[in-house]
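Chain by chain, the residues run as shown.
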Amino acid sequence: NFVLNTALGKQLIWFKKIANKAIMIDISKSLGYAIHAIIYIGTRQNRKPVCASEVARECGLSVSYMMKILQALRRAGIVKSTIGIKGGYVLSRPLKEITLYDLITAIEPSKEEICYLSTAIGCRFKKNCLVRSLFGDVNEKIKLYLQSVNLQSVVDSIGDKICIFFPQKQAV
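Everything numeric here is computed off the predicted structure, so don't read it as measured data.

Cut-offs used in this document
Residues numbered from 1 in each chain as written. Predicted model: local features only at pLDDT ≥ 70, side-chain atom pairs only at ≥ 80, totals over all residues. Heavy atoms only, no water. Helix = DSSP H or I, 4+ residues; strand = E, 2+ residues; numbered from the N terminus. Contact = heavy atoms within 4.5 Å. pLDDT = per-residue confidence, 0-100. Pairing = 2+ DSSP bridges. Buried < 20%, exposed > 50% of the residue type's maximum accessible area, 1.4 Å probe, protein only. Axes fitted to C-alpha atoms, helices over the stretch in contact; angles between N-to-C directions. Left-handed = near helix turned anticlockwise from the far one by under 90°. Nonpolar A, V, L, I, M, F, W, Y, C, P; charged D, E, K, R; others polar. Arc of directions from axis to C-beta.

Colleague: Help me out: how do you make sense of the environment of Leu-151 in this one?
Modeller: For Leu-151, the location among the structural elements is in helix H8 (residues 151-158). In this structure, the C-alpha to C-alpha distance between Leu-151 and Ile-39, residues 112 residues apart in sequence, is 7.1 Å. Among residues more than four places away in sequence, those in contact with Leu-151 are Ile-38, Leu-95, Ile-98, Leu-100 and Leu-103.

Here it is, written out as structure tokens:
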């Protein structure tokens, strides 16, 4: 599993051991909050639509910030929204069919690569960078791993500790 190592400014740093090497991935706060939001919506006892303000409250965010996240998830087809007094957001498919990679591409669609080392070191060669080509295999392994991790498995690994993340919830 990925292990959340630390929070630095606006980035969360995750490490994954691949072939006994620690691979670092930085993700935005928005992606972290999107994961929390989807898990909150997907683990509610009733499957009725949940309003953005409730999700924002549970995640400790402003409603406007959560709305931007939920809109990106809706555009990606991860959630559906309905308007009106009983409106809100529901998952468009079960948690077991939503992967970490789905969320990355929904929240950060401009990322062409998960492991984009040549841009991190400021390479002037851009796409023709030797370093980028050397790490292409690493990027593909990370991408495949992220595509293999579904959010139901994340919930299952949390188990009854889910109430730590969402105090209003009862243990599942």
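Colleague: I keep staring at the confidence of the model for the protein chain and nothing clicks. Help me out?
Modeller: Detailed reading of the predicted model is not advised wherever pLDDT is low. On average, residues of the protein chain score 75 in pLDDT, and 63% of them are at 70 or above. Across the protein chain, helix H3 (residues 63-75) holds the top mean pLDDT of 96, while strand E1 (residues 3-8) sits lowest at 34. Here residues 1-20 is a poorly scored stretch, pLDDT under 50, and it has 53 contacts once near neighbours within four places are set aside; other chains count. Every residue in residues 116-120 scores below 50 in pLDDT, and together they form nine contacts with partners more than four places removed in sequence or on other chains.

Colleague: It is not clear to me how the pairing of strand E5 (residues 88-91) should be interpreted in this structure. Could you clarify?
Modeller: Consecutive side chains along a regular strand alternate between the two faces of the sheet. Taken together, the four bridges between strand E4 (residues 79-82) and E5 define a ladder with antiparallel strand orientation. Bridge pairing in E5 places Ser-81 opposite Tyr-89. Count of turn residues in the E4/E5 antiparallel hairpin: five residues, of which Gly-84 carries a positive phi of about 115 degrees.

Colleague: What's the story with the environment of Met-67 in this structure? I'm lost.
Modeller: Along the chain, the position of Met-67 falls in helix H3. The class for Met-67 is partly exposed, based on a relative accessible area of 27%. Separated by 16 residues in sequence, Met-67 and Cys-51 place their C-alpha atoms 9.7 Å apart.

Colleague: Explanation requested: the packing of helix H1 (residues 29-42) against helix H2 (residues 52-59) in the structure shown.
Modeller: How two helices pack is summed up by the angle between their axes together with the distance between the axes. The geometry of H1 relative to H2 is characterised by a closest axis approach of 10 Å and an angle of 120 degrees between their N-to-C directions. At the point where H1 passes H2, the crossing takes the right-handed sense. Together, Tyr-33, His-36, Ala-37, Tyr-40 and Ile-41 of H1 and Glu-54, Val-55, Glu-58 and Cys-59 of H2 make up the contact between the two elements. The residue makeup of the contact of H1 with H2, split by class, is six nonpolar, one polar and two charged.

Colleague: Help me out: how do you make sense of the environment of Tyr-65 in this one?
Modeller: When you line up the elements, Tyr-65 lands in helix H3. On the basis of relative accessibility, which here comes to 26%, the residue Tyr-65 falls in the partly exposed class. With 32 residues separating them in the primary sequence, Tyr-65 and Tyr-33 have C-alpha atoms 9.7 Å apart. If sequence neighbours within four positions are ignored, Tyr-65 has contacts with Lys-29, Ser-30 and Tyr-33.

Colleague: Where do I start with H8 in this structure?
Modeller: It helps to recall that an α-helix has 3.6 residues per turn; residues three or four apart then point in one direction. The complete set of buried residues in H8 reads Leu-151, Val-155 and Ile-158. Buried residues of H8, viewed axially, fall in a sector of 60 degrees; they line one side. Exposed residues on H8 whose side chains face more than 90 degrees from its buried face are Asp-156 and Ser-157.

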